[in-house]
Amino acid sequence: MKYPEVIYFENELEDEFSKGGINPIKIDENYRYEGGKFRSVSRAVFYHVLAKIIAGLYLPLGWGHKVYGREKMRGYKSFFLYGNHTNPVADALIPTMLNPGKSTYVIVHPDNVSMPVLGKITPSLGAIPLPDDRKAYKNFLLYIDKLVEKKRVIMIYPEAHIWPFYTHIRPFKHDSFHYPVKYNTPVFCFTNTYQKRKFLKKPKIVTYVSGPFFPDESLSKPDRTKKLRDEVYDAMVKNSSYNTVELIKYIRKENEQ
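Rules and cut-offs
Residues numbered from 1 in each chain as written. Predicted model: local features only at pLDDT ≥ 70, side-chain atom pairs only at ≥ 80, totals over all residues. Heavy atoms only, no water. Phe/Tyr/Trp six-rings, centres within 6.5 Å; stacked < 30°, edge-to-face > 60°. Helix = DSSP H or I, 4+ residues; strand = E, 2+ residues; numbered from the N terminus. Buried < 20%, exposed > 50% of the residue type's maximum accessible area, 1.4 Å probe, protein only. Lys NZ or Arg CZ within 6 Å of the ring centre and 35° of its normal. Core = buried A, V, L, I, M, F, W, Y, C linked by side-chain atoms within 4.5 Å. Contact = heavy atoms within 4.5 Å. Pairing = 2+ DSSP bridges. Polar contact = N/O pair within 3.5 Å; in protein donor to acceptor, adjacent residues only side chain to side chain. Salt bridge = Lys/Arg side-chain N within 4 Å of Asp/Glu carboxyl O. Axes fitted to C-alpha atoms, helices over the stretch in contact; angles between N-to-C directions.

Visitor: Looking at this model, I keep getting lost on the packing of aromatic side chains. Mind explaining?
Guide: All told, the structure shown has 26 aromatic pairs when counted by the stated rule. Each ring, one from Phe9 and one from Trp163, has its centre 5.0 Å from the other, and the planes form 50°; the classification is tilted. With Phe9 in strand 1 (residues 5-9) and Trp163 in the loop between strand 6 (153-156) and helix 5 (178-183), the pair connects residues that are 154 residues apart, well separated along the chain. Ring centres of Phe17 and Trp163 lie 5.3 Å apart, and the angle between their planes is 70°; on these two criteria the pair is classed as edge-to-face. With Phe17 in the loop between strand 1 and helix 1 (36-63) and Trp163 in the loop between strand 6 and helix 5, this residue pair connects regions lying 146 residues apart in the sequence. Of the two residues, Phe17 and Trp163, both sit in the buried class. Feature note: the residues Tyr31, Tyr33, Phe80, Tyr105, Tyr137, Phe140, Tyr143, Tyr179 and Tyr183 constitute an aromatic cluster, connected by ring pairs. In this structure, Arg43 packs its charged tip against the face of Tyr47, placed 3.9 Å from the ring centre. The ring centre of Phe172 lies 5.0 Å from the NZ or CZ of Arg229, which sits over that ring.

Visitor: Honestly, the nonpolar core in this entry has me stumped. Any pointers?
Guide: Generally speaking, a soluble globular protein has its nonpolar side chains buried in company with each other. One finds Phe80, Leu81, Ile128 and Val232 to be the most contacted residues of the largest nonpolar core, which totals 61 residues. Here Phe80 is in contact with Val148, Ile154, Ile156, Tyr179, Pro180, Tyr183, Thr185, Pro186, Val187 and Phe188, once residues within four sequence places are set aside.

Visitor: Would you explain the pairing of strand 7 (residues 187-195) in this entry?
Guide: Look at any regular strand and the pattern is simple: side chains alternate between the two faces of the sheet. Across the nine residues of strand 7, nine count as buried, placing the element largely inside the fold. Side-chain alternation along strand 7 places Val187, Cys189, Thr191, Thr193 and Gln195 on one buried face and Phe188, Phe190, Asn192 and Tyr194 on a second face that is also buried. In this sheet, strand 8 (residues 204-213) lies alongside strand 7 in antiparallel orientation, the contact comprising eight bridges. Bridged to Cys189 within strand 8 is Ser210.

Visitor: Explain the side chain of Asn84 here, please?
Guide: Along the polypeptide, Asn84 turns up in the loop between strand 3 (80-83) and helix 2 (90-98). Asn84 sits in the buried class, given a relative accessible area of 1%. A polar side-chain atom of Asn84 sits 2.8 Å from the main-chain amide nitrogen of Asn192. Residues in contact with Asn84, not counting those within four places in the same chain, are Asp91, Tyr157, Glu159, Ile169, Phe190, Thr191, Asn192 and Met236.

Visitor: What's the story with the pattern of salt bridges in this structure? I'm lost.
Guide: When charged atoms on two side chains of opposite charge get close, those side chains can pair. Per the stated rule, a full pass over the model turns up nine salt bridges. The residue Lys227 makes a salt bridge to Asp216 at a minimum N-O spacing of 2.9 Å. Of this pair, Lys227 sits in helix 6 (residues 221-240) while Asp216 sits in the loop between strand 8 and helix 6, and the two are eleven residues apart along the sequence. A salt bridge links Lys226 to Asp230, with the shortest nitrogen-to-oxygen separation between them at 2.8 Å. Residue Lys226 and its partner Asp230 are both found in helix 6; the two are separated by four residues, about one turn of the helix. Judged by its relative accessible area of 45%, Lys226 falls in the partly exposed class. Among the charged side chains, a salt-bridge network with shared partners connects Lys226, Arg229 and Asp230.

Visitor: What's the story with unusual backbone geometry in this structure? I'm lost.
Guide: Of all residues except glycine, most have a negative phi; of all peptide bonds, most are trans. Between Gly211 and Pro212 the backbone carries a cis peptide bond, its omega angle lying at 5°. Considering the arrangement of structural elements, one finds Pro212 in strand 8. Look at Lys151: it is not a glycine, yet its phi comes out positive at around 65°. Mapping Lys151 onto the fold places it in the loop between helix 4 (134-149) and strand 6.

Visitor: Can you walk me through the side chain of Ser103 in this structure?
Guide: Position of Ser103 among the secondary structure elements: in the loop between helix 2 and strand 4 (104-108). In this structure, Ser103 is in contact with Arg43, Tyr47, His48, Arg152 and Val153, ignoring residues within four places of it in sequence.

Visitor: Looking at this model, I keep getting lost on the sheet that holds strand 8. Mind explaining?
Guide: Read from one edge of the open sheet, seven strands run 2-8-7-3-6-4-5, paired in mixed fashion. Each edge of the open sheet carries a strand with a single partner, namely strand 2 (66-68) and strand 5 (127-129). Averaged over all pairs of adjacent strands, the angle between their axes in this sheet comes to 25°, without regard to strand direction. Along the sheet, helix 4 contacts strand 3, strand 4, strand 5 and strand 6; its crossing angle with strand 5, the most-contacted strand, is approximately 150°. Where helix 6 meets the sheet, it contacts strand 3, strand 7 and strand 8, and its direction lies at approximately 20° from that of strand 7.

And the structure:
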């Protein structure tokens, strides 16, 4: 089989293949996670109106997007949501479509708030940049506390780095699963897959939702965290089998021939 593109990788945990080329700002103690009254107004406009309209048009028209299992999240007001990271534009919009009646926030790399124009808007869309120092980390945690209190959904891409159109699930660390353990909240995950369409060469994106998963209170906190990570990883690996199109072939460098 001939692939349209081949990418060679070395480290599944650290390699990044997005093409943004952004110099991230430093997220220090001066970064305002809440953003004041203006943030509330701008979120109402940019997230609840514009983002939902754009997602509602772009995903079905551009990718023939479908979701299976969305009903599993009904009745849960606040939870942590995890997904695979394979599309820089669609990944920013799909969480909005999974939770049309809820307010979703996304923990992101500082790149996402560092773009010249869009970086001023992404916090209103729900971007929560990871902190760069201890003082900023304190502010970051206080903001997460408030979002959980307000029954918001918090989205995390545990793979951390974008691998465009990757059809498998990369191994990811359990670090990000300490949040649902800390707050004793449910966990859901989704897997975006690329599937053939009958009449178009461009594949459709089909999203599969799994869960809920709950912290096992019979275990120690480290074991609870690891178990949640393993349950989410296994569910995502299972659903990745629905991929039927491979637009980019990823090959480990030592296997290069």
